[in-house]
Amino acid sequence: MSFPVLPYGRQSIDETDIEGVVAALKSDWLTTGPKVDAFEEKFVELLGVDHAVAVSSGTAALHCAMHALGIGPGDEVIVPPLTFAATANCVVFQGGVPVFADVDPKTLLLDPVQVDRKISRKTKAIIAVDYAGQPCDYDALDSIAKSKNIPIVADACHSLGAQYKDRTVGTLADISVFSFHPVKQITTGEGGMVVTANSEWAQRIRRFRNHGISSDFKQRAHEGSWFYEMMELGFNYRLTDFQSALGISQLGKLSGFVRKRQAIADIYNQAFASIQGVSPLEVRSDVAHAYHLYVTRIASEALGITREALFAALRAEGIGVNVHYIPVHLHPYYRQKFGTGRGLCPVAEEAYERILSLPVFPSMAVGEVDRVVSAVMKNVRPSGSMPR
Ligand SMILES: *Cc1c(COP(=O)(O)O)cnc(C)c1O
């Protein structure tokens, strides 16, 4: 099966993955069985975290994080605007108010200075998004948040496998959240994971993903096998066993997947180094980037072609370029409900006019990478590129 166009991202599934899923399908458990536990354990081991709770999506994982922190009506949570809407939506699920803090112009990561400015007496958490796969500057965020006792949640849906100052993503924030959507580093079809060092939060998340039902086995054995108690309002955010089987198999290939992404990014970086006006985002020297996305900024003036025209030209050649993201505070829902709009986060708004995501995924062939490079070159060359 192949897509008619080269997508910006896609899954890599091999025979081992398929065998793992088939074995799970033939077992007694379709949902919430031994594979879920095994997937969580493997995640704990690989990332060096204390607790991992598997859930049905990255969005569910974000919601669980907000619940664990007790976010409620009127509470403010600081979020960046340049992200998938779910990062802010999870605050609204709990009745809270997302407060948008602008991004750094070079990396498009949450700017600690802007975060500091947006902190108020109502601030109950900060969600940092490792945009494109580069970890945020957690030390800088920590120095702002810790003194005020504000927990940091890492929306690490882009950065599984990345590192920050030799520390693994998943260990950098109070709670970290992952997605296993097919375009992400590893996939379970749909799926997500919440990791934390805090056992109390992990416990709350386990209960929240299962309707708020307490799952104390010993108590259940004591009271009789029919007995359970719903302690609070929760959801069905469970991941299935056969999805977890896929996750276990995929996780074993994570480092290889990330290396492939980095190798593709290297080719792009070298190819575009000589073109003024095609500028990849800056990567700090203290990180290992996981390259969920390869984001460039297009300077129309230098190239003689607008981002829109380049987007259309590349799409016409079957290259699935994309734009990540429309700033969340510009969506009609947020404008209407929270009165957000243009001018709130000028850096993100300006970046949104220029950014273009190029295809990057582990199974992308070198020939396909070259095809993307030449298509970009061809479209920008006539009007402006200046070899350096
Ligand atoms: C993918 C993604 C999500 C949501 O994950 P789903 O698994 O699709 O629900 C949240 N935040 C970011 C930054 C993402 O990229």
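Residues numbered from 1 in each chain as written. Predicted model: local features only at pLDDT ≥ 70, side-chain atom pairs only at ≥ 80, totals over all residues. Heavy atoms only, no water.

Summing up its helical and strand segments, the protein chain has 15 helices and 15 strands in all. Its C-alpha atoms give the protein chain a radius of gyration of 22 Å, near enough to 21 Å, the size a compact globule of 388 residues would have. When its C-alpha atoms are laid out on the principal axes, the protein chain stretches across 80 × 55 × 40 Å. Considering only intrachain contacts with a sequence separation of at least 6, the fraction spanning at least 24 residues in the protein chain is 72%. Summing over all exposed atoms, the protein chain offers an accessible surface of approximately 16700 Å²; the carbon and sulfur share of this is 54%. The averaged location of the 41 negative side-chain charges in the protein chain is 4 Å from the averaged location of its 38 positive side-chain charges. (Helix = DSSP H or I, 4+ residues; strand = E, 2+ residues; numbered from the N terminus. Rg over C-alpha atoms; globule rule 2.2 N^0.38 Å. Contact = heavy atoms within 4.5 Å. Areas by Shrake-Rupley, 256 points an atom, 1.4 Å probe, with all protein chains shown as cover. Lys, Arg positive; Asp, Glu negative; His and termini not counted. Charge placed at Lys NZ, Arg CZ, Asp CG, Glu CD.)

Take the pattern of salt bridges next. Under the defined criterion, the tally for this structure stands at 16 salt bridges. With a closest N to O distance of 3.4 Å, Lys146 and Asp142 form a salt bridge. A residue is classified by how much of its surface remains accessible, and Asp142, at 18% relative accessible area, is buried. A salt bridge links Arg354 to Glu301; the nearest nitrogen and oxygen atoms lie 3.7 Å apart. Residue Arg354 is found in the loop between helix H14 (346–352) and strand E15 (355–358), and its partner Glu301 is found in helix H11 (residues 300–303); the two are separated by 53 residues along the sequence. In this structure, a network of salt bridges that share partners links the residues Asp14, Asp17 and Lys253. (Salt bridge = Lys/Arg side-chain N within 4 Å of Asp/Glu carboxyl O. Buried < 20%, exposed > 50% of the residue type's maximum accessible area, 1.4 Å probe, protein only.)

Quick look at the domain arrangement of the protein chain now. Domain parsing of the protein chain yields domain 1 (15–253) and domain 2 (255–379). On a C-alpha basis, the centroid separation for the pair domain 1 and domain 2 is 26 Å. Opposite the 43 residues of domain 1 that make contact, domain 2 presents 37 residues. Summing both sides of the interface, domain 1 and domain 2 together bury roughly 3200 Å²; the carbon and sulfur share of this comes to 62%. Among the residues of domain 1 in contact with domain 2, Phe100, Gln134 and Gln185 are the three that bury the most area, contributing 17% of the side total. (Domains from an automatic or database assignment. Buried area = accessible area lost by both parts, 1.4 Å probe.)

The next subject is unusual backbone geometry. In this model, His324 is joined to Tyr325 through a cis peptide bond whose omega is 10°. Positionally, Tyr325 belongs in the loop between helix H12 (307–316) and helix H13 (332–338). A positive phi angle, near 60°, is found at Leu108, a position not held by glycine. Tracing the backbone shows Leu108 in the loop between strand E3 (97–100) and helix H5 (112–118). Even without being glycine, Ala132 reaches a positive phi, approximately 70°. Following the sequence through the fold, Ala132 ends up in the loop between strand E4 (123–129) and helix H6 (138–145).

Quick look at the packing of aromatic side chains now. Enumeration over the complete set of coordinates arrives at 15 aromatic pairs. Between Phe100 and Tyr334 the ring centres are 5.8 Å apart and the planes differ by 90°, which places this aromatic pair in the edge-to-face class. Within this pair, whereas Phe100 is found in strand E3, its partner Tyr334 is found in helix H13, the two being separated by 234 residues in sequence. Across the pair, exposure class does not vary: Phe100 and Tyr334 are buried alike. A centroid spacing of 5.4 Å and a plane angle of 65° characterise the contact between Phe208 and Phe235, whose relative ring orientation is edge-to-face. Taken together, the residues Phe208 in helix H7 (residues 199–208) and Phe235 in the loop between strand E11 (229–230) and helix H9 (241–251) connect sequence positions 27 residues apart. Members of the aromatic cluster, joined through ring pairs, are Phe39, Phe43, Phe178 and Phe180. A cation over a ring is seen here: Arg307 above Tyr352, with NZ or CZ 5.6 Å from the ring centre. (Phe/Tyr/Trp six-rings, centres within 6.5 Å; stacked < 30°, edge-to-face > 60°. Lys NZ or Arg CZ within 6 Å of the ring centre and 35° of its normal.)

What the 7 strands build is an open sheet, ordered E1-E9-E8-E5-E4-E2-E3; its pairing is mixed. Every interior strand has two partners, whereas the edge strands, strand E1 (51–55) and E3, have only one. Pairwise comparison of adjacent strand axes, ignoring direction, gives a mean angle of 25° for this sheet. Note that strand E5 (residues 152–155) and strand E8 (residues 175–179) share 3 bridges and pair parallel. From the neighbouring strand, Val153 faces E8, where its bridge partner is Ile175. Docked against the sheet, H7 engages E1, E8 and strand E9 (192–196), running at close to 15° with respect to E1. (Pairing = 2+ DSSP bridges. Axes fitted to C-alpha atoms, helices over the stretch in contact; angles between N-to-C directions.)

On to the sheet that holds strand E13 (residues 287–288), then. Here 3 strands make up an open sheet; going across it, the order is E7-E6-E13 and the pairing antiparallel. Looking along the sheet, the strands with just one partner apiece sit at the ends: strand E7 (167–168) and E13.

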